[in-house]
Amino acid sequence: MRLNGKSAIVTGAASGIGRATAQLFAQEGARVLAVDLPGKALAEAHRDHNTISVLEISVADDGAPEAIIGTAIKGHSRLDILMNNAGVASNALAEQMSRADWDRSLAVNLTAPFLICQQAIPHLRESGAGRIINVASVMAEGTGFGLAAYCASKAGVAGLTRTLALELGKFNITANYLLPGAIKTGMTTPLWNARPDVADIWAKKSALRRLGEPTDLAKAALFLASDDGAFVTGHGLTVDGGLMLRV
Ligand code: NAD
């Protein structure tokens, strides 16, 4: 058990990477607060895990950061690990993107993680070995048609996280970010089911010749959350099967 006695928060935990990570953290001994939007069957997703509690809220709502951290502290009396994973992808060429689409991507993908980190920091300081894991994307360093807001928000997550690492190191808090490649989740599966040829192209582009599974990311998050990752901070860990070696 690599997270025995730890208290963790995972956002975007009803599906995909967040769901797999919340459950792996729980299997490793952590008490986990799983956060996702109302109506996403969050409780159902974690029904078989009695050390996972749930909070249905949008991370981008006013007051959500306070509610999320407050719920974790009320339930667990401490906070050791924060994983900001909730994310949305916009799809509009920059010239045509509405201000509302831009604002929504930035609010969910970048501003919410920042505000949740802010609320978490005092408790992570008290932990004595706090961990921040923010989920960016290979698109933090890459580009994609229609992905201006997504790429900008994820590049922002990288910059935010590196700066947090610098500022919080003296409290023995590490801050790292994950850069997933093409992973089979709720964000991608509907498209790939409709266009198997597109899924095939992504799989073939990667050096390991396959799409990623949510558990591939969960295992990387566990490394960063556990004592094994104690001396890793300010790092962007690419988990893409070698996708970016080619593009
Ligand atoms: P997913 O759609 O399966 O999971 C994302 C979860 O975030 C969903 O359950 C969704 O309801 C939740 N969410 C969205 N907006 C929210 C909000 N405002 N408040 C609370 N929860 C919200 O997709 P995923 O691929 O597991 O996404 C997890 C993270 O991984 C995201 O940040 C995404 O950008 C990133 N990512 C995914 C891929 C990929 O190929 N799947 C690649 C790179 C990065």
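Residue numbers here run from 1 along each chain, matching the order of that chain's written sequence. The predicted origin of the model limits local features to residues at a pLDDT of at least 70 and limits the giving and counting of side-chain atom pairs to 80 or more, whereas totals for whole chains, interfaces and linings rest on all residues. Where side-chain values are given, they derive from all heavy atoms of the structure, hydrogens and water being excluded.

(A) Region of interest: the sheet that holds strand 6 (residues 174-180). Reading across from one edge, 3-2-1-4-5-6-7 is the order of the 7 strands in this open sheet, with parallel pairing throughout. This sheet does not close on itself; its edge strands, each paired only once, are strand 3 (52-56) and strand 7 (236-239). Across the sheet, the axes of successive neighbouring strands diverge by a mean angle of 15°, strand direction being ignored. In this sheet, strand 5 (residues 131-135) lies alongside strand 4 (residues 81-84) in parallel orientation, the contact comprising 4 bridges. Bridge assignment links M83 to a residue of strand 5, and that residue is I133. Pairing between strands requires that DSSP locate at least two bridges from one strand to the other. By definition, any uninterrupted DSSP run of H or I lasting at least four residues is a helix, any uninterrupted run of E lasting at least two residues is a strand, and each is numbered from the N terminus. Working convention: axes come from line fits to C-alpha atoms, limited for helices to the stretch in contact. Angles between N-to-C directions cover 0 to 180 degrees.

(B) How the structure looks around the side chain of T185. Its location among the elements puts T185 in the loop between strand 6 and helix 6 (189-194). Contacts are assigned to residue pairs that have any heavy atoms within 4.5 Å of one another. Dropping the residues within four chain positions of it, T185 is found in contact with G16, I17, P190 and P214.

(C) The site of the ligand, seen in detail. The ligand sits among 29 residues. The nearest are S15, D36, N85, Y150 and T185. Contact with the protein chains removes 94% of the 820 Å² of surface that the ligand exposes when unbound. Of all elements in the fold, only helix 1 (16-27) and helix 5 (148-168) reach the threshold of two or more residues within the shell around the ligand. All amino acids are sorted into three groups, where Ala, Val, Leu, Ile, Met, Phe, Trp, Tyr, Cys and Pro are nonpolar, Asp, Glu, Lys and Arg are charged, and the leftover types, Gly among them, are polar. Partitioning the shell around the ligand into residue classes produces 15 nonpolar, 11 polar and 3 charged. For this description, a residue counts as near a given molecule or strand if any of its non-hydrogen atoms is within 4 Å of it. A 1.4 Å probe and the Shrake-Rupley method give the accessible areas. Residues count as covered only by the protein chains that appear here.

(D) Highlighting helix 8 (residues 214-225). Every helix has an expected span of 1.5 Å times one less than the residues it contains. For helix 8, built from 12 residues, the straight-helix expectation of 16 Å at 1.5 Å per residue is met to within 8% by its first-to-last C-alpha distance of 16 Å. Throughout this description, buried means an accessible area under 20% of the type-specific maximum (1.4 Å probe, protein chains only), exposed means over 50%, and partly exposed covers the range between. Taken together, the buried positions of helix 8 are P214, L217, A218, A220, A221, L222, L224 and A225. As for helix 8, its buried residues are in contact with helix 1, strand 4, strand 5, strand 6 and strand 7.

(E) Just the nonpolar core, in detail. Counting residues in hydrophobic clusters, the biggest one holds 40 residues, and the most contacted among them are I9, V35, V59, I68, I132 and L164. Within the residue set of this core, elements represented by two or more residues are strand 2 (31-36), helix 3 (64-76), helix 4 (99-127), helix 5 and strand 6. When near neighbours in sequence (up to four residues on either side) are disregarded, V59 contacts T11, V35, A64, P65, I68, A86, V108, A112 and I116. By nonpolar core we mean a set of buried residues, namely Ala, Val, Leu, Ile, Met, Phe, Trp, Tyr and Cys, connected to one another through side-chain atoms within 4.5 Å. Judged by nonpolar contacts, the second largest core, of 30 residues, contains F25, L217, A220 and A221.

(F) View of unusual backbone geometry. The phi torsion at S77 lies on the positive side, around 65°, for a residue other than glycine. On the basis of relative accessible area, S77 is assigned to the exposed category, the value being 64%. Located in the positive-phi region is N172, a residue other than glycine, with phi close to 60°. Along the chain, the position of N172 falls in the loop between helix 5 and strand 6. For N172, a relative accessible area of 41% puts it in the partly exposed group.

(G) Here's a closer look at the packing of aromatic side chains. By convention, a stacked pair of Phe, Tyr or Trp rings (six-membered ring in the case of Trp) has centres within 6.5 Å and planes under 30 degrees apart, an edge-to-face pair has planes over 60 apart, and any other such pair is tilted. Inspection of every chain in the model, using the stated rule, returns 0 aromatic pairs. For a Lys NZ or an Arg CZ to count as sitting over a ring, it must be within 6 Å of the ring centre and within 35 degrees of the ring normal. For the cation-ring pair, R125 lies above F171, with the distance from its terminal atom to the ring centre recorded as 3.8 Å. We note K205 situated over the ring of W202; from NZ or CZ to the ring centre the distance is 4.8 Å.

(H) Here's a closer look at the pattern of salt bridges. Any Lys or Arg side-chain nitrogen located within 4 Å of an Asp or Glu carboxyl oxygen qualifies as a salt bridge. A full pass over the atoms with the stated rule returns 9 salt bridges. A salt bridge links K184 to E213; its shortest N-O distance comes to 2.8 Å. With K184 in the loop between strand 6 and helix 6 and E213 in the loop between helix 7 (196-205) and helix 8, this residue pair connects regions lying 29 residues apart in the sequence. The partly exposed category is assigned to E213, whose relative accessible area is 30%. Across the salt bridge formed by D197 and R195, the nearest N and O atoms sit 2.8 Å from each other. A residue is classified by how much of its surface remains accessible, and D197, at 39% relative accessible area, is partly exposed. Linked by salt bridges that have partners in common, E44, R47 and D48 make up one network.

No statement about biological role is implied by the geometric values presented.
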